[in-house]
Amino acid sequence: MKKIAALLLSSSLFLTMLPATALAQEAKPNVTRAEVVEFLLNAADDYNPGIKKEDILKGYSKGDAKEDQEVSRIEVLIMLSRAFSNLPAPKGNDLRVANTSASFTDVPKWAQDEISKLIASGVLTDYPDGKLGVSDHITKEQLLTLTKRVMALEGSNPRDDYYEYVNKKWLNDSKIPAGEMSNGVFNELAKANEDRTKAIIDELVKKQNPAGSKEQKIADFYKSVLDMESRNKQGIKPIAPYLADLDKASSVKELFDTSMKMENEISKGGLLSFAVMGDAKDSNVNALYFSGLGTRLDKNSYVSGDEKTKKVYTNYLTQLFVLSGTDEIAAKAQAEDVYAFEKELAASSMDLQDQGKVENYYNPYTKDKFITLFKSIDMSKYMKELQVDKADKVIVTDVGLLNKSAEVLNEKNLDKIKSYAKATLLMNAGGTLSGDFLKLATEFEAQLFGIEGEKTNEEMAVMTTQTVMSQYLSQEFAEKYFTKEAKQDVEQMVKQFIEVYKERIKALDWMSEATKAKAIKKLDKMTIKIGYPDQWNDYLKDASIKTFADGGSLFDNIVVINKALKKQAFASLGKPVDKSSWMMSTYEVNAYYNPLNNEIVFPAGILQAPFYDIKAKRETNLGAIGMVIAHEISHAFDNLGSAYDENGNAVNWWTPEDFKKFQEKCDQVISYYDHVEVLPGVYNNGKLTVSENIADLGGMAASLQVLSKMENPDFKGYFEGYATIWRMTMSKETVAYLSTVDTHSANKVRVNRTVSNFPEFYKAYQVNEKDAMYVAPKDRVSIW
Ligand SMILES: [Zn+2]
């Protein structure tokens, strides 16, 4: 599940591509012919019973096979193809990620048939230079990688690829809905919840709702989203004056004055990103945070030299500028300027994997010091206008980005900043304007993520209403679809898990009694939130939401809502943190741990089948919701959450020796999950995903402990329940993108690596050294 680190200021969700390198290039010893034969005979045995050495070494006269020689890449591939024989044709998800039209310019005639077979099965992908590297040698690790691709394709053996084994049929049949990035249990449930919220909305739309009531606001907001005819008629009008003013600015100061005017009048497109949330070192009080100038793409997309993403993004920007009335040539130049400007910012920003650490994001500046950093703009005035000047300090979340932001705001860059400010406004407001803007944004995402088809207007309108009216809709949803009984039942389960966690901590062999006592205190004080908030936040009480027919517009509705949100946030500055608030809607299929409140939160949206099913076997529930609960508890003790105490303050509660041991364990988790191939050419990043992997390992250890106390527990049922929850299919582009920005391991890795860490899995499926899922006990990790 997602963990809300203290940072809520993360960059937007957009794509980058990895080079399509099919095999890792590492300086490791190459394999000999005899080693390949032995390896393949063992690996292929379950798939091609009775396979013999002679079948693999066809073509060599007896005694002349030169078995101690290093073997060439092409030979290995042919031996692999012979060993497994008749590879299945890729279907569904396999076909989606396979490149079955790959071709190589250097394959000799005699090898073409076998190589074509491997390409058709998707096991062999293309190389960037179009060459296979026929005479190169390969390492043992590369041989294993290739073999695992075959095993994944077969998907018939739990001991070689557990995820594929459990989910193969579903993966083959799964279709990604039009306009979606992926399909899986999470998507199916999200869709079911969407249908339910739609039913609520439809009901309200039919009724005569009292003016100013929640019901009227939900219904009229939805109508304003759906009214494409009026939106198209309105076009770009609501933001045109601001675009013109930005264009006219003759200095950076003037440009920021306009930006501030926009902030005040339409609450959109402003360039200064202040946020209010609990002070990480005094989490009862709200503090002011600042992150610097934002970028549309993630850091890696700019700095990796990813030309495809650059092209897609600058095309999108060009078309946005054209739509706003700029001629094509100027639009192109402005788009290039925006990209270059953002690239400079991104290059100075913190790497994603470092952002969650409190020592990295917590940089308090006095207000005066912060203000004097900005030479070209009147920061003091802007802070006053935003009503955040009552803060005595500003917590800067990314010092590199802050300094770069202050530096690039100079007169020399005026034209670039203009383009950047206009682009920000166009992207920000576009979704609330005419269909042209929506179309551009949809195409942009589709190209980056390999999305096919489009959502209907109604689907988009429901999603927008879910996001924007989440407080009101959440309440309606919880009242209709979540019972007090379910709330109590899940609460009991969570409490049991906390008790199990305490037992586990007491039994740890690597931690001193002093640190254990602190960890247990943290568990004792953990807040549990189930289903829905106890209090509903009515920040839209005074907001007037109108349809076009009543003289309103979607744009105006969003303005009113944004203003109300910001007013509430900035007014809470310096005041006590509202500990009852939620960061997710009740219909979200997700859960989180918030370190600043030391709380675990499970929205109603995830507390249903197949995560939590009263009719299911207890083992299956333990593998699903049990694992989710224990995962979230574990976040209190992952590499980031462990920096906060029982009250949610960033205070070190560890003895130095214990902390050192913990760090070593975190490093082990990093290497355990690192460089695992997700699909040909895409690898899991151990550093980026370490906190989530710790949570998965802790979650599985705790839920297995609950399971082991049952009479005759069905371990297979437990592991299957777990693997089923994580089945997912997505485009190759999306998989590649997520591997660079998602702090969660790829679903397949979450399943295969996590189960491989536990003796219960080896016992349940009789996994041994010969199997691909096998990990030697010395390489497994024990942490929580
Ligand atoms: Zn998580």
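Preceding this section is the structure that the text describes.
Residues numbered from 1 in each chain as written. Predicted model: local features only at pLDDT ≥ 70, side-chain atom pairs only at ≥ 80, totals over all residues. Heavy atoms only, no water.

Caption draft 1: Broad picture of the packing of helix 1 (residues 33-44) against helix 3 (residues 73-84). Helix 3 packs onto helix 1 with a crossing angle of 25 degrees between their chain directions and a minimal axis gap of 10 Å. The angle between the axes of helix 1 and helix 3 places the two elements in the roughly parallel class. In this structure, helix 1 meets helix 3 at a crossing whose hand is right-handed. Here Arg-33, Val-36, Val-37, Leu-40, Ala-43 and Ala-44 of helix 1 lie close against helix 3, whose contacting residues are Glu-75, Val-76, Met-79, Leu-80, Ala-83 and Phe-84. For the contact of helix 1 with helix 3, a count of residues per class yields ten nonpolar, no polar and two charged. (Axes fitted to C-alpha atoms, helices over the stretch in contact; angles between N-to-C directions. Helix = DSSP H or I, 4+ residues; strand = E, 2+ residues; numbered from the N terminus. Parallel < 35°, antiparallel > 145°, perpendicular 65-115°, else oblique. Left-handed = near helix turned anticlockwise from the far one by under 90°. Contact = heavy atoms within 4.5 Å. Nonpolar A, V, L, I, M, F, W, Y, C, P; charged D, E, K, R; others polar.)

Caption draft 2: Focus on the environment of Ile-78. Along the chain, Ile-78 turns up in helix 3. In sequence terms Ile-78 and Val-396 are 318 residues apart; their C-alpha atoms lie 57 Å from each other. Setting aside residues up to four positions removed in sequence, Ile-78 forms contacts with Trp-110, Ala-111 and Glu-114.

Caption draft 3: Expanded view of the pattern of salt bridges. Across all of its chains, the model carries 38 salt bridges by this definition. Close ionic contact of Glu-164 with Lys-168 constitutes a salt bridge, the shortest N to O distance being 3.1 Å. With Glu-164 and Lys-168 both in helix 7 (residues 162-173) and four residues apart, the pair spans about one turn of that helix. Assigned by exposure class, Glu-164 and Lys-168 land together as buried. (Salt bridge = Lys/Arg side-chain N within 4 Å of Asp/Glu carboxyl O. Buried < 20%, exposed > 50% of the residue type's maximum accessible area, 1.4 Å probe, protein only.)

Caption draft 4: Up close: the environment of Glu-657. Here Glu-657 lies in helix 28 (residues 656-673). With 116 residues separating them in the primary sequence, Glu-657 and Met-773 have C-alpha atoms 34 Å apart.

Caption draft 5: Molecular detail of unusual backbone geometry. Of note, the amide linkage connecting Ala-609 to Pro-610 takes the cis form, showing an omega dihedral of 5 degrees. Structurally, the position occupied by Pro-610 is in the loop between strand 8 (599-603) and helix 27 (618-634). Its identity is not glycine, yet Ser-267 carries a phi of approximately 55 degrees, on the positive side. Secondary-structure assignment places Ser-267 in the loop between helix 12 (252-265) and strand 2 (274-279).

All quantities given are derived from atomic positions and should not be read as evidence of function.
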